[in-house]
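Listed below, chain by chain, are the residues.
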Amino acid sequence: MGTCLYYYTGTGNSLWVARQLAAKLQGTELISISAGNTAPAKIDSDRIGIVFPVHMWGLPRRVKNFAREMAADRDKYYFAVALNGGQVAATLLQLKKLMQARGLTLAAGFEIHSPSNYIPWGGAAPAEEQKRMFAEAGKKIERIAGIVSRKESAPIDKGPLWKNILLSSLLYKLSFPQVPKMDKKFWVDGKCNSCAVCEKICPAKNIVMNGGKPTWQNRCEQCLACIQWCPKEAIQYGKKTPGYARYHHPEIKLTDMLHGQIVSSKQ
Ligand SMILES: Cc1cc2nc3c(=O)[nH]c(=O)nc-3n(C[C@H](O)[C@H](O)[C@H](O)COP(=O)(O)O)c2cc1C
């Protein structure tokens, strides 16, 4: 019995949703896959969920790998929640296909529109807009919890066909191989005080402190946790980020992020 909820997050939106769901589904275990935790689904949990952000109209590398490696049990009920800034496109269909290849059925796949954390394209949305999005998200979480608790099948959320083809099939496939080296655009300004939060928070262990400053090792997953959580806002990406406000989910704290990397929690 119970639910095993795996989550991956860069700025806490997915963790927040995972926690909200856990509070509504009795006997839920939350497990971070940020630290490569591929622990098999608990034998006693009959529902298995994955909560994650959409990256470049598809699955982040870690989630893709997780779906390929997680314990497979055809008798379990599998569901997924994809957080996104408004363009889920065919991300959940990609997950469904990956699971199908392993003989598993994604019974339900839900998208949740949330504030975008993609800072190269702009800073945090105004607080009022964030509030409105979380209120909407709360309603959807309520619905998801009902469907999941009854172990119902539901249509997989997706974007319009042209976006699924152009963005998820074409652009995702072109961008995905470039992601590990996209960290070349990170740089650190004079505000860096060598606290090493960036090194600790990086799920890919891609940051090494060198002479008291972060250096990126070209195995980036573009979760953007380093730039968004830097307490001094000293990490930049390209030319425009010095002028952009940082973002993380207002109810998720740095300690939640760091804690989640190593332990799972019963809620
Ligand atoms: C590298 C990257 C790519 C993204 N690509 C998309 C995308 O294709 N479509 C979309 O709607 N949102 C996209 N986003 C926004 C995130 O999916 C969204 O902000 C999500 O809520 C972040 O969740 P998290 O806080 O759990 O990391 C992207 C974010 C990042 C960092």
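Residues numbered from 1 in each chain as written. Predicted model: local features only at pLDDT ≥ 70, side-chain atom pairs only at ≥ 80, totals over all residues. Heavy atoms only, no water.

**Focus on the overall build of the protein chain**
Phase 1 of the analysis: Secondary structure assignment for the protein chain yields eight helices and 10 strands.
Phase 2 of the analysis: Relative to the compact-globule value of 18 Å for 267 residues, the protein chain shows a C-alpha radius of gyration of 18 Å, a close match.
Phase 3 of the analysis: Each principal axis of the C-alpha atoms in the protein chain carries an extent, and together these give about 55 × 40 × 35 Å.
Phase 4 of the analysis: A burial count over the protein chain gives 54% of its 267 residues as buried.
Phase 5 of the analysis: In the structure as shown, the protein chain presents an accessible area of about 12400 Å², 55% of it carried by carbon and sulfur atoms.
Phase 6 of the analysis: Averaging the locations of the 37 positively and 20 negatively charged side chains of the protein chain gives two centres separated by 6 Å. (Helix = DSSP H or I, 4+ residues; strand = E, 2+ residues; numbered from the N terminus. Rg over C-alpha atoms; globule rule 2.2 N^0.38 Å. Buried < 20%, exposed > 50% of the residue type's maximum accessible area, 1.4 Å probe, protein only. Areas by Shrake-Rupley, 256 points an atom, 1.4 Å probe, with all protein chains shown as cover. Lys, Arg positive; Asp, Glu negative; His and termini not counted. Charge placed at Lys NZ, Arg CZ, Asp CG, Glu CD.)

**Section: the domain arrangement of the protein chain**
Phase 1 of the analysis: Assigned domains of the protein chain: these are domain 1 (3–164 + 256–266) and domain 2 (179–237).
Phase 2 of the analysis: Distance between the C-alpha centres of domain 1 and domain 2: 25 Å.
Phase 3 of the analysis: Contact with domain 1, which involves 15 residues of that partner, is made by 18 residues of domain 2.
Phase 4 of the analysis: Looking only at domain 1, the three residues that lose the most surface to domain 2 are Arg61, Ile119 and Leu258, adding up to 26% of its buried area.
Phase 5 of the analysis: On the surface where domain 1 and domain 2 come into contact, there are one salt bridge.
Phase 6 of the analysis: For glutamate 221, the salt bridge goes to arginine 62, with nearest N and O atoms at 2.6 Å.
Phase 7 of the analysis: At the boundary of domain 1 and domain 2, one finds five residue pairs in polar contact (both at pLDDT 80 or more).
Phase 8 of the analysis: Looking at the side of domain 1 that touches domain 2, the elements that each hand over two or more residues are helix H2 (61–69) and helix H8 (254–262).
Phase 9 of the analysis: With three residues, H8 is the largest single contributor of residues to the side of domain 1 that touches domain 2.
Phase 10 of the analysis: The residue inventory of the side of domain 1 that touches domain 2, partitioned by class, reads seven nonpolar, six polar and two charged. (Domains from an automatic or database assignment. Contact = heavy atoms within 4.5 Å. Buried area = accessible area lost by both parts, 1.4 Å probe. Salt bridge = Lys/Arg side-chain N within 4 Å of Asp/Glu carboxyl O. Polar contact = N/O pair within 3.5 Å; in protein donor to acceptor, adjacent residues only side chain to side chain. Nonpolar A, V, L, I, M, F, W, Y, C, P; charged D, E, K, R; others polar.)

**Side note on the pairing of strand E4 (residues 77–84)**
Phase 1 of the analysis: Buried residues dominate E4, accounting for eight of its eight residues.
Phase 2 of the analysis: Judged by which residues are buried, E4 turns out to be covered on both faces: Tyr77, Phe79, Val81 and Leu83 on one side and Tyr78, Ala80, Ala82 and Asn84 on the other are all buried.
Phase 3 of the analysis: Across seven bridges, strand E3 (residues 47–53) lies against E4 in parallel orientation. Bridging across to E4, phenylalanine 52 finds its partner in alanine 82.
Phase 4 of the analysis: In the classification by handedness, the crossover that spans E3, the intervening H2 and the parallel E4 is right-handed.
Phase 5 of the analysis: Bridging between E4 and strand E5 (residues 106–113) involves seven bridges; their strand directions are parallel. Considered in E5, the bridge of tyrosine 78 is made with leucine 106. (Pairing = 2+ DSSP bridges. Right-handed = clockwise from strand over helix to strand, strands pointing away.)

**Focus on unusual backbone geometry**
It is generally the case that most residues other than glycine have a negative phi and that most peptide bonds are trans.
Phase 1 of the analysis: We note that alanine 196 has phi near 70°; this positive angle belongs to a residue other than glycine.
Phase 2 of the analysis: With respect to the helices and strands, alanine 196 occurs in the loop between strand E6 (186–188) and helix H6 (197–201).
Phase 3 of the analysis: Look at glutamine 222: it is not a glycine, yet its phi comes out positive at around 60°.
Phase 4 of the analysis: Considering the arrangement of structural elements, one finds glutamine 222 in the loop between strand E8 (213–216) and helix H7 (225–229).

**Describing the packing of aromatic side chains**
Phase 1 of the analysis: For the coordinates displayed, the defined rule picks out seven aromatic pairs.
Phase 2 of the analysis: Taking 4.6 Å as the distance between ring centres and 55° as the angle between the ring planes, the aromatic pair formed by tyrosine 6 and phenylalanine 66 counts as tilted. In this pair, tyrosine 6 sits in strand E1 (residues 3–7) while phenylalanine 66 sits in helix H2, placing the two residues 60 residues apart along the sequence. When sorted by exposure, tyrosine 6 lands in the same class as phenylalanine 66, which is buried.
Phase 3 of the analysis: Judged by centre distance (5.1 Å) and plane angle (15°), the rings of phenylalanine 186 and tryptophan 216 are stacked. Note that phenylalanine 186 is positioned in strand E6 and tryptophan 216 in strand E8, a separation of 30 residues in sequence.
Phase 4 of the analysis: On the accessibility criterion, tryptophan 216 (14% relative accessible area) is buried.
Phase 5 of the analysis: A network of ring pairs unites the aromatic residues Phe186, Trp216 and Tyr237 as a single cluster.
Phase 6 of the analysis: In this structure, arginine 61 packs its charged tip against the face of phenylalanine 176, placed 4.1 Å from the ring centre.
Phase 7 of the analysis: A cation over an aromatic ring shows up here: lysine 64 above the ring of phenylalanine 176, its NZ or CZ 4.1 Å from the ring centre. (Phe/Tyr/Trp six-rings, centres within 6.5 Å; stacked < 30°, edge-to-face > 60°. Lys NZ or Arg CZ within 6 Å of the ring centre and 35° of its normal.)

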